[in-house]
Each structure stands twice: as C-alpha cells, then as structure tokens.
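Examining the three-dimensional arrangement
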Amino acid sequence: MLISLSEAIRLLSSGEVVAIPTETVYGLAAALNSPQAIDKVFDLKKRPQNNPLIIHLANASKIRDFVSALPPGFDLLADAFWPGPLTIVVPVRTELIPEKARAHLTTAAFRVSSHPLAKAVIEKTGPLVMPSANLSGRPSSTSPIHVEEDFGPSFPVLNGGPCDKGLESTILIFTDNHWQIIRLGSISPEEFKSVLGYIPDVATTAEHKVPLCPGQLYRHYAPKAKLTLLSMIPSDLKGVILGYTSRIYPPGCQVVPLGNTPAAVAESLYHVLRLIDLEGITHAYVDLDIPQEGLWLTIMERLKKASS
Ligand code: TXA
Ligand code: MG
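Heads up: these notes are all about the structure in this document. (Residues numbered from 1 in each chain as written. Chains lettered and ligands numbered in written order. Predicted model: local features only at pLDDT ≥ 70, side-chain atom pairs only at ≥ 80, totals over all residues. Heavy atoms only, no water.)

1. Remarks on the packing of helix α5 (residues 144–151) against helix α7 (residues 262–278)
Their axes nearest at 11 Å, the elements α5 and α7 cross at an angle of 50 degrees. The angle between α5 and α7 falls in the class oblique. Crossing geometry of α5 relative to α7 is assigned as left-handed. Contacts between α5 and α7 involve His-146, Glu-149 and Asp-150 on the former and, on the latter, His-271, Arg-274 and Leu-278. Counted by class, the contact of α5 with α7 contains one nonpolar, two polar and three charged residues. (Axes fitted to C-alpha atoms, helices over the stretch in contact; angles between N-to-C directions. Helix = DSSP H or I, 4+ residues; strand = E, 2+ residues; numbered from the N terminus. Parallel < 35°, antiparallel > 145°, perpendicular 65-115°, else oblique. Left-handed = near helix turned anticlockwise from the far one by under 90°. Contact = heavy atoms within 4.5 Å. Nonpolar A, V, L, I, M, F, W, Y, C, P; charged D, E, K, R; others polar.)

Structure, rendered in structure tokens:
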C-alpha cells in the first residue's frame, strides 16, 4: 500500500515498520530507538538473529553520537561518498545501540542515503535501522511492487518509484590497518583509489574464522528458478538465457535482456530475477562472460549468489 511522506514519519514514530526508497534498494525501516520495531523487522524478513542491521543517519556528523573514535580515513570516505551508496562499519559505544540491531557485535554499520525521501524521513524520525526490504534470501526490492510481492499488498511503502542504482551499498570496514570491502556493492573497488590512495581488498568470508560481514554467509538474491551460470555459450544451447542487449545468442535461446552497460544491468538485475519467477520460468541460463572489473564484479557476485 503506497503511503505519503507524513504517514511514513507518523508510522515510524509510533514504532511501526515501513518500506522506504533509497538510491540503492528499498529498505525495511524501523526507529533505532524502538527495540519492538527492530524485532518486527527481523520477524517480517525472517532474518537470522546473528545478521546485524545497517543504521541510516540524516548526515555524516551524526555518527559521532555513537562512537568514541573513528578509524583513520573515515572522514575522507564520508566526505567523498556520503550521502551515497557506501556503508561503513565502525566500533561503537555499545550501550547506545540496541543489541539486536548490531547482533551482539561491538561494531555497527552506518550509511547516509542520498535519496530525497529517505533524507526527508530520517531528518524527522532520527536514525533508522534499514535492511533491504525483501524476505531473507530473496532478491532485494528495487520498486514498491517488489516490496508488496514479499510482504503483501497492505504493507506500507513510501513510493519513490524504481531505485536509481539497483544494487545494495558497498560495505567497508577498517581492519589490519587498512580498509577492506566486506560486501561488493554500487561503488566499485576502483572508485576508492582516488580517495584512499589504494584499491581496498575484497575480503571473502572464507578467509576469516569470525565472518567480517555476517550477511555474506547466507544464500541471497535468489529467485525460485534454478540459474545455471555459463562463461561460454554453446552454439546449440536451448532455453531461457539472461543476457546482454548487444549480444547475439543461439537461435534456440529465449533471451531475457539484463541491459548492456554495467549501470543498466545493475538497475534491472533484481527486477529480472523476480520477473522470471512471475513468468513461471523454472530454469534459466545466465551469460557470465563479463569483465572482472568495476561494477561488473558486484553483478558477477550477485549472480553467483543467486545461482547457488
Ligand atoms: O544498500 C543497502 O545497503 C541497503 C539499503 C536499504 O540501505 N541495505 C541493505 O541491508 O542491503 P541488508 O540488511 O540487506 O544488508 C546489510 C549487510 C548484511 O550483510 C549485514 O551482515 C552487514 O550489512 N552488516 C551490518 N552490520 C554489520 C557489522 N557491524 N559488521 C559487519 N557487517 C555488518
Ligand atoms: Mg539484504
């Protein structure tokens, strides 16, 4: 159910959960200062309790309300990328953040969205927790209709139309004396070079005994349909294939276009993953012959997760 800005603010202020647009994907928002509302977020999403939530702030300076000190380079990152699709994990004063929101960790993840509606809401409500507005394991929602698919037609959604980026924020953490990417996202690794002086490593969960990003442990972004990833397309291939607009596929293939540029593919990816289920497609091939750089890295990671 589409609701107005004032209704979204009213519901959040009275401890309800509301879906809100951001420039990346829709978020399932609850007031940070309402443990009951945070419980509802976990229940609604069927989210494992050990998977912490991102805290959305109205502006970068608000992070100082929750920390004793910030890691070196934090201000450079915040100045360059906030408001925008970057999430930064920092050590926090744990007494100031509900245990459940941070899943008992001593760190928390923060983001400042550039979406005018998200900004307008948070300026009135104060900090919100906001995981992606999808059932755990499903593709994120990039338009109000996706939120309604997962949570029902009467679930309140602040309508911002389709999301601009279409993929979640990039998550950084400062560890072992440098910044590392713990979730690939809308900002490519290369984009950090001019700000940090280096391209942050992408930390894989397998390297660490304690996962740096708990959410990366779970199956994700997955349609009900089975996806088979192909790095080379056989000329006699038959079936549905998720492919790129400028390419020619074998005559036996029914092509579902993902777009052509990485930005266009990012914007349409979750919509396409949801669409194939709505179309009743039970198996699809995916053309994975894409560059190992830039935003393509995030697209490749999401496709691998969606097919696992
Ligand atoms: O673009 C986005 O980031 C969207 C919009 C709505 O903000 N949100 C989003 O939230 O993708 P969610 O909950 O789907 O993913 C948040 C990820 C999870 O993988 C979680 O494990 C990780 O952030 N995370 C949260 N707090 C963390 C922490 N303290 N340390 C490490 N990872 C953390
Ligand atoms: Mg998510």
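2. Digging into the sheet that holds strand β14 (residues 253–257)
Read across the sheet, four strands follow the order β12-β15-β13-β14 without closing on themselves; strand pairing throughout is parallel. Single-partner strands in this sheet number two, and they are β12 (226–230) and β14. Averaged over neighbouring strand pairs, the angle between their axes works out to 30 degrees when direction is ignored. Bridge analysis of β12 against strand β15 (residues 283–287) gives five bridges, and the strand direction is parallel. Paired with Lys-226 across the bridge in β15 is His-283. Packing against the sheet, α7 makes contact with β12, β13 (239–243) and β14, and its axis sits at approximately 165 degrees to β13. This element, helix α8 (residues 295–307), spans β12 and β15 of the sheet and lies at about 135 degrees to β12. (Pairing = 2+ DSSP bridges.)

3. Quick notes on unusual backbone geometry
Omega for the bond connecting Trp-82 with Pro-83 falls within 30 degrees of zero, at -5 degrees, which places this linkage in the cis form. In this structure, Pro-83 sits in the loop between α3 (74–81) and β5 (86–91). Even without a glycine there, the phi angle at His-104 is positive, about 65 degrees. Secondary-structure assignment places His-104 in the loop between β5 and β6 (107–111). Using a relative accessible area of 57% as the deciding quantity, one classes His-104 as exposed. For Asn-177, which is not glycine, the phi torsion reads 70 degrees and is therefore positive. (Buried < 20%, exposed > 50% of the residue type's maximum accessible area, 1.4 Å probe, protein only.)

4. Topic: the packing of aromatic side chains
Summed over the entire model, instances satisfying the criterion amount to seven aromatic pairs. For the ring pair Phe-174 and Trp-179, a centre distance of 5.3 Å and an interplane angle of 65 degrees mean the geometry is edge-to-face. Residue classification places Trp-179 among the buried residues on the basis of a relative accessible area of 1%. (Phe/Tyr/Trp six-rings, centres within 6.5 Å; stacked < 30°, edge-to-face > 60°.)

5. Quick word on the environment of Thr-298
Mapped onto the elements of the fold, Thr-298 is located in helix α8. According to the relative accessible area criterion, Thr-298 is buried, its value standing at 0%.

6. A closer look at helix α1 (residues 5–13)
Every α-helical turn comprises 3.6 residues, leaving residues that sit three or four positions apart pointing alike. Residues of α1 that are buried: Ala-8, Ile-9, Leu-11 and Leu-12. The buried residues of α1 occupy one face: seen down the axis, they fall within an arc of 165 degrees. Away from its buried face by more than 90 degrees, α1 exposes Ser-6 and Ser-13. Buried residues in α1 make contact with β1 (2–3), β2 (18–20), β3 (27–31), α4 (116–125), β7 (128–129) and β8 (157–158). Of the residues one or two after α1, Gly-15 is the one with positive phi, at around 85 degrees. (Arc of directions from axis to C-beta.)

7. A short note on the site of ligand 1
Near ligand 1, the surroundings consist of 28 residues, among which Thr-24, Asn-51, His-56, Ser-169 and Gly-215 are the closest. One nitrogen or oxygen atom from the side chain of His-56 is found 2.8 Å from an oxygen atom belonging to ligand 1. At a separation of 3.1 Å, an oxygen atom of ligand 1 approaches a polar side-chain atom of Arg-111. Starting from 680 Å² of accessible surface for ligand 1 in isolation, the protein chains cover 98%. Mapped by element, the contributors of at least two residues to the shell around ligand 1 are β4 (54–56), β6 and β10 (178–183). A per-element tally of the shell around ligand 1 places β6 first, with four residues. When grouped by side-chain class, the residues that make up the shell around ligand 1 number 16 nonpolar, eight polar and four charged. (Near = heavy atom within 4 Å. Polar contact = N/O pair within 3.5 Å; in protein donor to acceptor, adjacent residues only side chain to side chain. Areas by Shrake-Rupley, 256 points an atom, 1.4 Å probe, with all protein chains shown as cover.)

8. Quick notes on the packing of α7 against α8
Direction vectors running N to C along α7 and α8 enclose 15 degrees, while the axes themselves pass 9 Å from each other. If you check the angle between α7 and α8, you find them roughly parallel. Seen from above, α7 lies across α8 with left-handed handedness. From α7, Pro-262, Ala-263, Val-265, Ala-266, Leu-269, Tyr-270 and Leu-273 reach across to α8, where they touch Leu-295, Trp-296, Ile-299, Arg-302, Leu-303 and Ala-306. When grouped by side-chain class, the residues that make up the contact of α7 with α8 number 12 nonpolar, no polar and one charged.

9. A look at the pairing of β10
Among the six residues of β10, five are classified as buried, and the element is accordingly described as predominantly covered. As defined by bridge partners, strand β9 (residues 170–175) adjoins β10 across five bridges and the pair is classed as antiparallel. When the bridges of β10 are listed, Ile-171 appears paired with Arg-183.

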